[in-house]
Amino acid sequence: MRRSHRRRISAGARYLVLSLWAIVAFFPIYWVIATSFKPDTQWFAWPPVYFPHPPTLANYLNVWFGAEEYAATQYAISSQKPLVSLLNSSIIAGASTLLSVLFGSVLAYGVSRYRILSETRMFQLLILRMIPPIVIVAPLSLYYSALGLLDSRIGLILIYFLTTLPYAVWMAKSFIDEVPRELEQAAEILGASRWRTLFEIVLPLIRSGLVATFLFILILTWSEYLLALILTKTDVTTLPIELSKYQGTTEGRVYGRQAALAVGITIPLMIVGLIIRKHLARGFSFGMVRR
Amino acid sequence: MARIELVGLHKTFDGIIAVKNLSCAIEDGEFVVLVGPSGCGKTTTLRMIAGFEDPSAGEVRIDGRVVNDLEPRDRGLGMVFQTHALFPHKTVEQNIEFGLRMKRIPAAERAQRVRQVADMVRIAHLLDKMPSQCSGGEAQRVALARTLVTQPTTFLLDEPLSSLDAKLRRELRAECDRLHQVLKRTFIYVTHDQEEAMTLADRIIVMRSGEIIQIGSPMEIYSNPVNYFVADFFGSPSMNLVAGEIVPGEEAARFRCTAFEVALPLRFKSARAGAATLGVRPEHVMLGGPGGIELPVRLVEPLGRDTLIYFDAACQRAFIAVSEGLGRTDIPIGAALALSLAPDRVYLFDADGRRM
Amino acid sequence: MNVAAVSAAALPLHASSRGRSRERAIRRFRWAILGPFIALLAFVLLPVLFLQLYFSFHQWTVYLGSWWEAEYVGLDLFREVLSDPRFGWAIVRSLAFAAGSTIGCFLVGFALAYLMHKPFSGQALYYTIFILPMLTVPVVVAYTAEMLLYQSGPINDLISRLTGIEFKPMWLTNPDLALPTVMLLEIWNWVPFSFIIMLAGLSALPKEPIEAASILGASSWRIFWEVQLPLLRPVILLALVLRFLEAMAEFPKTWALLQGGPGTATETVPVYIFLTTWQYFEISKGAAMSYIVMLLMIVIVLLAIRLLRREKRSLDAMHVSSPAGPESAP
């Protein structure tokens, strides 16, 4: 059976290649999770310990709940307060993303129906996103300091909002483009104002798309590092900064603790990502993929 | 030469049977049309012949040789798709010469054959254009040209005209017919349009729910439908079908329904009593005469060449008679007219739809 | 055709008052939306850009008192930056890092997408696993890498066991290996990005031309090269450009873990600017550097935009007439 024979071989080869990468993709994630459950004797063990025996919750209890009895004695930790950082991250990421999606969808509506921005400008909007933030962060911090926005949540919310706006506009536009204009014309004949049409008719129709956009941008704001590093000092810390501050004051790294922290930072993101996995393509397409 | 045999072809998709144990033979040079309603399995069958679907069971044979194991490109077939399927990034000329390039035909010969074929389907003026610059009809001609130039033994056509309007459809239909006569190769054509089937086919294969219902020439299918479904499917306007019952009698059986009662022709003398459906084509219903039927007029439709007169036969379907020309357009609505049926053109179908 | 948009945005010029008042209302609406956006940009960006420009022409460090009394130095700072070999090396490293990781991401992502674009059993599971690396926070990737690539760590252990040789390179502490290692990290982190884009592109390709090519005699390789690849050009470009730009700006993996080290092995442009401004406190030099980099990036981005727009236009041109719907012109 030449044809089906060949099919089976290529199917087998395909499974092989895909499984190889699946292992490569998953192993680091597994390692972090496993390490977070390791007692401190197994952090640096040689040969490495692939499965913690026995698994322990000490790392989590110490990192996330400040349980002092689990504080490792050999490794003094200059700890911050992860739970506070969690709160900060949630507020900052949540608020900036919300602003981004709201503002972005209104802008997108304007672009889609009223051509307030040409196609050129839409692409130029991406410049906002593509310029390395490092080049403006110095004067920005000075400006913020003058405005009193340094080391504040609002400061971060504002800049996150601005830098994620391009994505929000592009994604929302792709959803709005698919709403038939007859609906808006019907609303107009029935007496609705343009704003009402936008908020009562168009946006509710793309609700699921907006949720996907929200979650997509949430991933970006949650994991942002550079701006948070520079624009905050002591009052406000986000989770990514928390992780980098969390190191042993002695030579070695506190792998178990860091792993527990890392897991806490990453798991929410993974859940979000998995929820919107079918919509991820839309966020990246920028008009290059014909639907 | 290309004689195609389908032996016990069977195809299931996720538990749904698309094609059920289908067997038939297609002779070399025939124009065969697979026709039936959507979902009857005709496209699936065509794709199995082409090699884009693997049969769950059964064989496809070309010239006696089982080809199940061959890739589409090794089967010597040509295919025209419903959506023309032209390569959008290549010019018309590049599209047409594609198959020749795959066969490594040298450039000079390619150019010549492309020119020839472009002239044959009259698209020579489009050679430099891109597919997006061609209209639907032009694009479909290009698709034809692309297949023609590779000189396959058999042409497979998957509803090539469905996306065109009525006028274009007739033009391209005539084109297909002409090509078949000129090339004398086997054409296997899939459509849901019975008119296309009637006009193009040497033989029609009527399919429904994955099975072959009837095979025959257009004349046979039209005048000798094997069941209710076939009778209803072919003909425009469709055959009049009235539900009622057969009442046996001493000299002749009678057919009785809500609207009328009529004596049945002699050949039905021994028909069994019971529920049945009477079928008669509109062109075989005559106005006037001792038919024993009188029905009120519901609607008169002058079409130019004929006039359709719709009668109320106390059932969902209108009972239609065709009158030639525009002579009888003045019939008042509601008037009762006497009708008679051409006796050798009356069909009876039993409760299961089979022809009696 | 967008009837409403045409009628809303390009009104027939009625002399009638209804036409004119409608035009006014539309203009008001457009500015109501656009206005706040422009105001926000101006409020945040303009002062920032101005300050940056100011500092590139005025020498100032934190110890010199208030910034508006800084001394004007003309183009000295720019000259200093452009003649700084360390800056040049940072640019080289950034470009190498961005190019290498982008190509790596693309090749792996494309290969995966190609293997996955036709349905098969278990596909959903693979897809889920494949997108996970992108959902990890880049800082986390950095620290995880340290745990994994620690000289006596799992990666070296696994490779040693698989190949039978004692394999213990110092991935992150060996200056020759550090940058390639970070590139590998970047690739691991962002393969899902190219994967998703290429998968979307491949799935959006029309199926019938591919079948037509198949029955016309083309082998899989031919079909890939002549039909799929040309139609995928816009998507490929997008995947490459977006990733390249983001890779140029990459910061956590080079800073959080290595601080640009060992030595200057992973000192990319963002890292060097960071060091200059916040560790050496040469704010003006940092500003001049930032300006140069910003101009460089804007040039690259504009080029990229031009490329992308050209691809989008050719993509639109290919889809002018859709096969669905009846047409009358013969």
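Within each chain, residue numbers correspond to sequence positions counted from 1 in written order. Whichever chain is written first is A, and whichever ligand is written first is 1; the rest continue in order. Only residues with pLDDT of at least 70 get local features here, since the model is predicted, and only at 80 or more are side-chain atom pairs given and counted; chain-wide, interface and lining totals rely on the full set of residues.

**Notes on the overall build of chain A**
Point 1. Segments assigned H or I by DSSP are reported as helices when at least four residues long, segments assigned E as strands when at least two residues long, and all are numbered from the N terminus. Assigned secondary structure in chain A consists of 13 helices and 0 strands.
Point 2. Along chain A, helices (α) and strands (β) appear in the sequence α-α-α-α-α-α-α-α-α-α-α-α-α when read from the amino end.
Point 3. The burial label depends on the number of other C-beta atoms within 10 Å of a residue's C-beta. Counts of 20 or more mean buried, 12 or fewer mean exposed, and intermediate counts mean partly exposed, with C-beta atoms placed from the backbone. Buried positions account for 49% of the 291 residues belonging to chain A.
Point 4. Considering only contacts in chain A between residues 6 or more positions apart, those separated by 24 or more positions represent 76%. The contact criterion used is a C-beta to C-beta distance within 7 Å, with each C-beta placed from the backbone.

**Thoughts on the overall build of chain B**
Point 1. When helices and strands are counted, chain B shows 8 helices and 20 strands.
Point 2. A total of 356 residues make up chain B; the buried ones form 42% of that total.
Point 3. Expressed as a percentage of contacts within chain B between residues at least 6 apart in sequence, the contacts between residues at least 24 apart total 65%.

**What to know about the sheet that holds strand S4 (residues 57-62) of chain B**
All names here are of chain B.
Point 1. Spatial strand order, S2-S1-S4-S5: 4 strands in an open sheet with antiparallel pairing. Of all strands in the sheet, those with a lone pairing partner are strand S2 (16-26) and strand S5 (65-66), marking the two edges.
Point 2. Two strands qualify as a pair provided DSSP detects at least 2 bridges between them. As judged from the 7 bridges shared by strand S1 (residues 4-13) and S2, these two strands associate in the antiparallel manner. Residue Leu 9 lies in a different strand from S2, and its bridge partner there is Leu 22.
Point 3. Helix axes are fitted to C-alpha atoms over the stretch in contact, other axes to C-alpha atoms as well, and angles between N-to-C directions run from 0 to 180 degrees. Of the strands in this sheet, S1, S2 and S4 touch helix H1 (residues 42-50), which is tilted by about 120° from S1.

**Quick look at the confidence of the model for chain A**
Point 1. Residues at a pLDDT of 70 or more form 89% of chain A, whose mean pLDDT is 83.
Point 2. When the criterion is pLDDT under 50, residues 73-78 of chain A qualifies, and its contacts beyond four places in sequence or with other chains add up to 13 contacts. Along the chain, pLDDT gives the predictor's confidence residue by residue, from 0 to 100.

**Details of the domain arrangement of chain A**
Point 1. In this document the domain limits rely on a domain assignment from an automatic tool or a database. The domain architecture assigned to chain A consists of domain 1 (1-35) and domain 2 (82-285).
Point 2. Inter-centroid distance (C-alpha atoms) of domain 1 of chain A to domain 2 of chain A is 34 Å.

**Looking at the interface of chain A and chain C**
Point 1. Taken together, the contact between chain A and chain C spans 73 residues of the former and 77 residues of the latter.
Point 2. Ranked by residue count, the leading element in the side of chain A that touches chain C is helix H1 (residues 2-36) of chain A, at 12 residues.
Point 3. Throughout this entry, Asp, Glu, Lys and Arg are counted as charged residues, while Ala, Val, Leu, Ile, Met, Phe, Trp, Tyr, Cys and Pro are counted as nonpolar. The remaining residues, Gly among them, count as polar. Here the side of chain A that touches chain C is composed, by residue class, of 51 nonpolar, 11 polar and 11 charged.

**Some points on the packing of helix H2 (residues 92-102) of chain B against helix H3 (residues 107-120) of chain B**
Residues and elements named next belong to chain B.
Point 1. Look at H2 against H3: their axes get within 10 Å of each other, and the N-to-C directions meet at 125°. Here H3 runs oblique to H2, going by the angle between their axes. Taken as a pair, H2 and H3 cross one another with a handedness that is right-handed. Contacts between H2 and H3 involve Glu 93, Ile 96, Glu 97, Leu 100 and Arg 101 on the former and, on the latter, Arg 110, Arg 113, Val 114, Val 117 and Ala 118.
Point 2. The class makeup of the residues in the contact of H2 with H3 is 5 nonpolar, no polar and 5 charged. Each angle receives one of four descriptions, namely roughly parallel if under 35 degrees, roughly antiparallel if over 145, roughly perpendicular if within 65 to 115, and oblique otherwise. Each crossing gets its handedness from the near helix: less than a right angle anticlockwise from the far helix is left-handed, clockwise is right-handed.

**Some remarks on the sheet that holds strand S6 (residues 77-80) of chain B**
Residues and elements named next belong to chain B.
Point 1. Pairing in this open sheet of 6 strands is mixed, and the strands run S6-S7-S8-S3-S9-S10 from one edge to the other. In this open sheet, the two strands that pair with only one neighbour each are S6 and strand S10 (211-216). In this sheet, neighbouring strand axes are inclined to one another by 20° on average, regardless of whether the strands run parallel or antiparallel.
Point 2. Summarising the sheet, strand S3 (residues 31-35) and strand S9 (residues 203-208) pair through 4 bridges and their orientation is parallel. Across the sheet, residue Val 33 finds its bridge partner in S9, namely Ile 204.
Point 3. Contacting S6 and strand S7 (154-158), helix H4 (residues 136-148) runs over the sheet at an angle of about 175° to S6.

**A look at helix H6 (residues 153-176) of chain A**
Point 1. To get the bend at a given residue, fit one axis to the seven residues ending there, fit another to the seven starting there, and take the angle between those axes. Of all the bends in H6(A), the largest measures some 45° and sits at Thr164(A), one to four residues before the proline Pro166(A).
Point 2. Burial runs high along H6(A): 22 of the 24 residues are buried.

**Focus: the nonpolar core**
Point 1. Counting 266 residues, the largest nonpolar core has Val33(B), Val142(B) and Ala145(B) as the members making the most contacts within it.
Point 2. By residue number, the principal contributor to this core is H6(A), which donates 16 residues. Here a nonpolar core is just a set of buried residues of the types Ala, Val, Leu, Ile, Met, Phe, Trp, Tyr and Cys, joined wherever their C-beta atoms sit within 7 Å.

**Quick word on the pairing of strand S17 (residues 306-311) of chain B**
All names here are of chain B.
Point 1. Bridge count between strand S16 (residues 293-302) and S17: 5 bridges; the pairing is antiparallel. Each bridged residue has a counterpart across the sheet, and for Leu 299 the counterpart in S17 is Tyr 310.
Point 2. Where S16 folds back on S17, the antiparallel hairpin that results is connected by 3 residues, among which Gly 304 adopts a positive phi of roughly 105°.
Point 3. Pairing between S17 and strand S18 (residues 319-324): 6 bridges, direction antiparallel. Looking at the pairing, Tyr 310 lines up with Ile 320 of S18.

**Some points on the pairing of strand S19 (residues 336-341) of chain B**
Residue and element names in this part refer to chain B.
Point 1. Relative to S19, strand S15 (residues 285-287) is paired through 3 bridges, and the arrangement is antiparallel. Among the inter-strand pairings, Met 286 is bridged to a residue of S19, identified as Ser 340.
Point 2. One ladder, built from 4 bridges, connects S16 with S19; its direction is antiparallel. Following the sheet pairing, Pro 296 is matched in S19 by Ala 336.

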